[in-house]
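Tertiary structure, described
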Amino acid sequence: METLDKSLLLNMFRKMEEIRRMDLKIAQLVKKGKVPGMTHFSVGEEAANVGAMMALNPDDLITSNHRGHGQAIAKGINLNEMMAEILGKYTGTCKGKGGSMHIADLDAGNLGANGIVGGGMGIAVGAALTQQMKGTNKIVVCFFGDGATNEGAFHEAVNMASIWKLPVIFACINNGYGISADIKKMTNVEHIYQRATAYGIPGIFVEDGNNILDVYKGFQEAVAHVRSGKGPVLIESVTYRWLGHSSSDPGKYRTREEVEEWKKKDPIENLRKYLLEQQIASAEELEAIQAEVKELVEESVRFAENSPFPPLESAFEDVYAE
Ligand SMILES: Cc1ncc(C[n+]2csc(CCOP(=O)(O)OP(=O)(O)O)c2C)c(N)n1
Ligand SMILES: [Mg+2]
């Protein structure tokens, strides 16, 4: 495979580090009781998120699901405003009214995370129709999990996007489970990408969704197809979530050995090894990035903790159309 530009590769490393460090920090804050509502972490799924986003143009659009931290960061959210949102503060991207599961960041093209499984499907198709009608040449990427592909909304959305040739990529992050339900017991097709056949659209399989270069390549192919006006693509990246489904999960449905096996396939470590082996970056360069990210995350916590909660008078702001 041709070597990618160094700055792109280092940016991939940085973004994956940001996701890992932000989420591990948020997990600590959850334990301290500082995070209202439910929280879902992207740890382990960094490559599936960042590899996808790096194949897009900055003004392309995304929708995401309840596990949206990784996508928000990969799409370029300001970490201070993200942390403030998660802590319910007025300086957050949604002025503290969305929280972890409803982070939207319109400036970065993130149309929003969604607590309803499959809830982003219709929004993505609508946004893609807008791009087609306005002739913007922007595309929309709809991120969802394996579990969401058994929701009615998935089938309706993919079908409509197919018949209207809408510029949307349906991006399934297959982490093997929908809460405690093993995807192998929930569907009789071997791979989710094969469902594309039912709608007459291409399906792309990224078998190793922990290899960011494979994810990037798969998405480049998907982007080329969709941006050329040929209609949607369904792409599946196979990965794993290291932490529980949400901030409350006893984890009885999978073995410790299974989790440990997947931790050996760490997406960040994979890229780190590649960069060192190919002599693209030195250990010091990568350590410097890690140190910078660590400081950014600490700064985001300071910013969020020093920010006010939304004032009472703001309760009805941004709720009704003016
Ligand atoms: C319509 C709907 N049904 C059920 C739920 C409860 N629920 C939240 S997350 C989830 C599992 C989703 O699994 P998947 O799509 O694979 O995403 P993952 O959590 O694995 O990233 C379920 C059933 C919900 N939020 N919305
Ligand atoms: Mg899942």
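Quick caveat: nothing in here was measured; it's all calculated off a predicted structure. (Residues numbered from 1 in each chain as written. Chains lettered and ligands numbered in written order. Predicted model: local features only at pLDDT ≥ 70, side-chain atom pairs only at ≥ 80, totals over all residues. Heavy atoms only, no water.)

Observations regarding the site of ligand 1
Taken together, 15 residues are adjacent to ligand 1, and His66, Arg67, Gly115, Gly147 and Tyr177 come closest. The contact in question runs from a nitrogen atom of ligand 1 to an N or O atom on the backbone of Gly115, over 2.9 Å. Coverage of ligand 1 by the protein chains reaches 72% of its 580 Å² of free accessible surface. Residues of the shell around ligand 1, tallied by class, amount to five nonpolar, seven polar and three charged. (Near = heavy atom within 4 Å. Polar contact = N/O pair within 3.5 Å; in protein donor to acceptor, adjacent residues only side chain to side chain. Areas by Shrake-Rupley, 256 points an atom, 1.4 Å probe, with all protein chains shown as cover. Nonpolar A, V, L, I, M, F, W, Y, C, P; charged D, E, K, R; others polar.)

Focus: unusual backbone geometry
A positive phi is found at Asn137, a non-glycine position, where the angle reads about 70°. Within the chain, Ile179 stands out as a residue other than glycine whose phi angle is a positive 50°. Judged by its relative accessible area of 49%, Ile179 is partly exposed. (Buried < 20%, exposed > 50% of the residue type's maximum accessible area, 1.4 Å probe, protein only.)

Remarks on the UniProt feature "domain: Dehydrogenase E1 component" (unreviewed entry) in the chain
With numbering matched to this structure, UniProt assigns "domain: Dehydrogenase E1 component" (unreviewed entry) to residues 14-311. When the span residues 14-311 is considered, its composition is 44% helix and 10% strand, and the gap between its end C-alpha atoms is 35 Å. (UniProt positions renumbered as here; feature names shortened; annotations may be inferred. Helix = DSSP H or I, 4+ residues; strand = E, 2+ residues; numbered from the N terminus.)

Points about helix H6 (residues 152-163)
Counted at 1.5 Å a residue, the expected span for H6 with its 12 residues is 16 Å, and the 17 Å between its end C-alpha atoms agrees. The complete set of buried residues in H6 reads Phe154, Ala157, Val158, Ala161 and Ser162. Projected down its long axis, H6 shows its buried positions confined to an angular sector of 130°, all on one face. Across H6 from its buried face, at more than 90 degrees, point the exposed residues Glu156 and Ile163. Those residues of H6 that are buried lie in contact with helix H5 (119-134), strand E2 (140-145), strand E3 (168-174) and strand E7 (233-238). (Expected span 1.5 Å × (residues − 1). Arc of directions from axis to C-beta. Contact = heavy atoms within 4.5 Å.)

Details of the coordination of the magnesium ion (ligand 2)
Geometry sets the ideal angles at a metal, namely 109.5 degrees for four tetrahedral donors and 90 or 180 degrees for six octahedral donors. Each protein donor to the magnesium ion (ligand 2) is listed here as Asp146 (OD), Asn175 (OD1) and Tyr177 (O); together their distances run 2.1 to 2.2 Å. Of note, the donors binding the magnesium ion (ligand 2) are all from one chain and are spaced D-x28-N-x1-Y. Taken together, the residues span a long stretch of sequence, with Asp146 in the loop between E2 and H6 and Asn175 in the loop between E3 and strand E4 (177-178) at a distance of 29 residues. (Donors = N, O, S within 2.8 Å, 3.2 Å for Na, K, Ca; no water.)

Some details on the pattern of salt bridges
Note on pairing: side chains with opposite charge can pair once their charged atoms come close. Inspection of every chain in the model, using the stated rule, returns 14 salt bridges. Taking the shortest distance from any N to any O, the salt bridge between Glu17 and Arg21 comes out at 3.4 Å. Remark: Arg21 and Glu17 occur in helix H1 (residues 6-31); sequence separation between them is four residues, near one turn of the helix. We classify Glu17 as buried; its relative accessible area is 3%. Its salt-bridge partner being Arg272, residue Glu269 comes within 3.0 Å of it at the nearest N-O pair. One end of the pair, Glu269, and the other, Arg272, are both in helix H10 (residues 267-277), three residues apart, so they sit about a helical turn from each other. A residue is classified by how much of its surface remains accessible, and Arg272, at 26% relative accessible area, is partly exposed. The network of salt bridges with common partners includes Arg20, Glu46 and Asp266. (Salt bridge = Lys/Arg side-chain N within 4 Å of Asp/Glu carboxyl O.)

Here we look at the sheet that holds E2
The five strands lie next to each other as E1-E2-E3-E7-E6, forming an open sheet whose pairing is parallel. On the outer flanks of this sheet lie strand E1 (61-63) and strand E6 (203-206), each paired with one strand and no other. This sheet shows a mean twist of 20° between the axes of neighbouring strands, independent of strand direction. Along the sheet, helix H2 (residues 46-53) contacts E1, E2, E3 and E7; its crossing angle with E2, the most-contacted strand, is approximately 170°. (Pairing = 2+ DSSP bridges. Axes fitted to C-alpha atoms, helices over the stretch in contact; angles between N-to-C directions.)

Describing the pairing of E3
Among the seven residues that make up E3, seven are buried, leaving the element largely enclosed by the rest of the structure. The side-chain alternation of E3 yields two buried faces, one formed by Val168, Phe170, Cys172 and Asn174 and the other by Ile169, Ala171 and Ile173. Where E2 and E3 come together, six bridges link them in parallel fashion. Within E3, the residue paired with Gly145 across the bridge is Ile173. Viewed along the sheet, the connection from E2 through H6 into E3 turns out right-handed. In the sheet, E3 pairs with E7 via six bridges, with the strands oriented parallel. Paired with Ile169 across the strands is Val233, a residue of E7. (Right-handed = clockwise from strand over helix to strand, strands pointing away.)

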